[in-house]
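# Structure at a glance
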Amino acid sequence: MIEQTIYKHLLSCSELVPYLTEYAGKPAVFLQKAPPDTDSLWQNGAQYGRIVFAIDAEGDPARAVGGRLFVDIFCEVPELPERIIREKINGYFFTENTCTMAAQWEDSRYFTEQGDPKVNGVTLTFSLLAFPLLTTENPDVIARFNDWTAENFLHLSVIGLDNLPEAWKPAGKSAGIYWRVASVAPAEWIPDTWQTIWRTATLQGHIFAQDVSAASVLAHEIIFALDRTKHLVKPGETQIIIRRIHVDNGADVLHTGQVTVDATYAQIKHPPQADTLRHIHFK
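Summarised in this report is the structure supplied together with it. Within each chain, residues carry numbers counting from 1 in the order of the written sequence. Side-chain atom pairs in this predicted model are given and counted only at pLDDT of 80 or more, local residue features only at pLDDT of at least 70, and totals for whole chains, interfaces and linings cover all residues. Remark: hydrogens and water are excluded; side-chain values derive from all non-hydrogen atoms of the structure.

## Considerations on the pattern of salt bridges
Any carboxyl oxygen of Asp or Glu within 4 Å of a side-chain nitrogen of Lys or Arg constitutes a salt bridge here. Under the defined criterion, the tally for this structure stands at twelve salt bridges. Note that Lys-88 and Glu-15 form a salt bridge whose closest N and O atoms lie 3.7 Å from each other. Placement of Lys-88 in helix 2 (residues 79-89) and of Glu-15 in the loop between helix 1 (3-11) and strand 1 (22-23) is noted, with a sequence separation of 73 residues between them. Think of it in three bands: with a 1.4 Å probe and only protein chains considered, a residue is buried below 20% of the maximum accessible area for its type, exposed above 50%, and partly exposed in between. What makes Lys-88 partly exposed here is its relative accessible area of 24%. With a relative accessible area of 37%, Glu-15 lands in the partly exposed category. Across the salt bridge formed by Glu-237 and Lys-234, the nearest N and O atoms sit 3.7 Å from each other. A residue is classified by how much of its surface remains accessible, and Lys-234, at 38% relative accessible area, is partly exposed. Taken together, the salt bridges that share partners define one network made up of Arg-144, Lys-234 and Glu-237. Numbering of helices and strands runs from the N terminus, with a helix taken as a DSSP run of H or I at least four residues long and a strand as a DSSP run of E at least two residues long.

## A few points about the environment of Glu-237
Within the secondary structure layout, Glu-237 lies in the loop between strand 13 (231-232) and strand 14 (240-247). Taking C-alpha positions, Glu-237 is 8.2 Å from Asn-138, a pair spaced 99 residues apart along the chain. When near neighbours in sequence (up to four residues on either side) are disregarded, Glu-237 contacts Asn-138, Pro-139 and Arg-144. What makes two residues a contact is simply this: any of their non-hydrogen atoms within 4.5 Å.

## Observations regarding the sheet that holds strand 15 (residues 259-268)
The strand order 9-11-12-15-14-13 describes an open sheet built from six strands, whose pairing is mixed. Where the open sheet ends on each side, the last strands, each with one partner, are strand 9 (156-158) and strand 13. By the bridge criterion, ten bridges tie strand 11 (residues 175-186) to strand 12 (residues 196-208) in an arrangement that is antiparallel. When the sheet's bridge partners are listed, Gly-176 is paired in strand 12 with Phe-208. Lines are fitted to the C-alpha atoms to define the axes, a helix being fitted only along its stretch in contact, and any angle between axes, read from their N-to-C directions, falls within 0 to 180 degrees. The sheet strands contacting helix 3 (residues 141-152) are strand 9, strand 11, strand 12, strand 13, strand 14 and strand 15, and the helix crosses strand 11 at an angle near 150°. Together, strand 9, strand 11, strand 12, strand 13, strand 14 and strand 15 form the strand contacts of helix 4 (residues 212-229), whose direction differs from that of strand 14 by roughly 150°. Here a strand pair is declared whenever DSSP counts at least two bridges between the two strands.

In structure tokens, the structure reads:
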């Protein structure tokens, strides 16, 4: 998962330092639970302010894994660090090893813990969604689209192909795209033959930019380039024919994606091989 990446990201956030005490010489940021209040490593014996975060992972049929990120802030005035945490996590992509997940803020709920003294705090909830490299059978439609995008849009980060920073958020001219296959069905416009079957894969393109306007501009640049290309060709493999292209600028960028492409390709049916004749007799 991405716990260590988020931990390092929060530790590196200089804006949070004035609101946090220290533990073992570092800002008081913890995964799952904080050390006991009696621990001698707390700075000057003070246990607040501090941050405790946890991830509740769950399966997602299309994306392998998802879940929620919970961040608890304990301090006297939680409103200011709440804004900082929200800005430092919402819209970010966190990558650890081969796992890339995006975080989207859901809500913030304030609370007060009774005691002497009372402790104020806020719990921020973020939804998490994975962006794995989802390969397909021969031809690998995702690999073909990733390679085509990387060759034609050098300024775009192709999620699943390019190496992203551990913590990355589209800003300015920085933008990214993620391709996935939503479904595969028989190609109704080309009949199958004895040796060849035709399939149409419906791909979803998720475009991430600093705002909706920038993402819309990129979406239209991509569909115009695909329309001009018509065919995605790779030596030694079947060509992929670009059919229907559609853009929905109002689509959920995380779950649905703004660009829909129907891509048709052929697959050769290989008949089962008979056993090799080993003993041949002539009369």
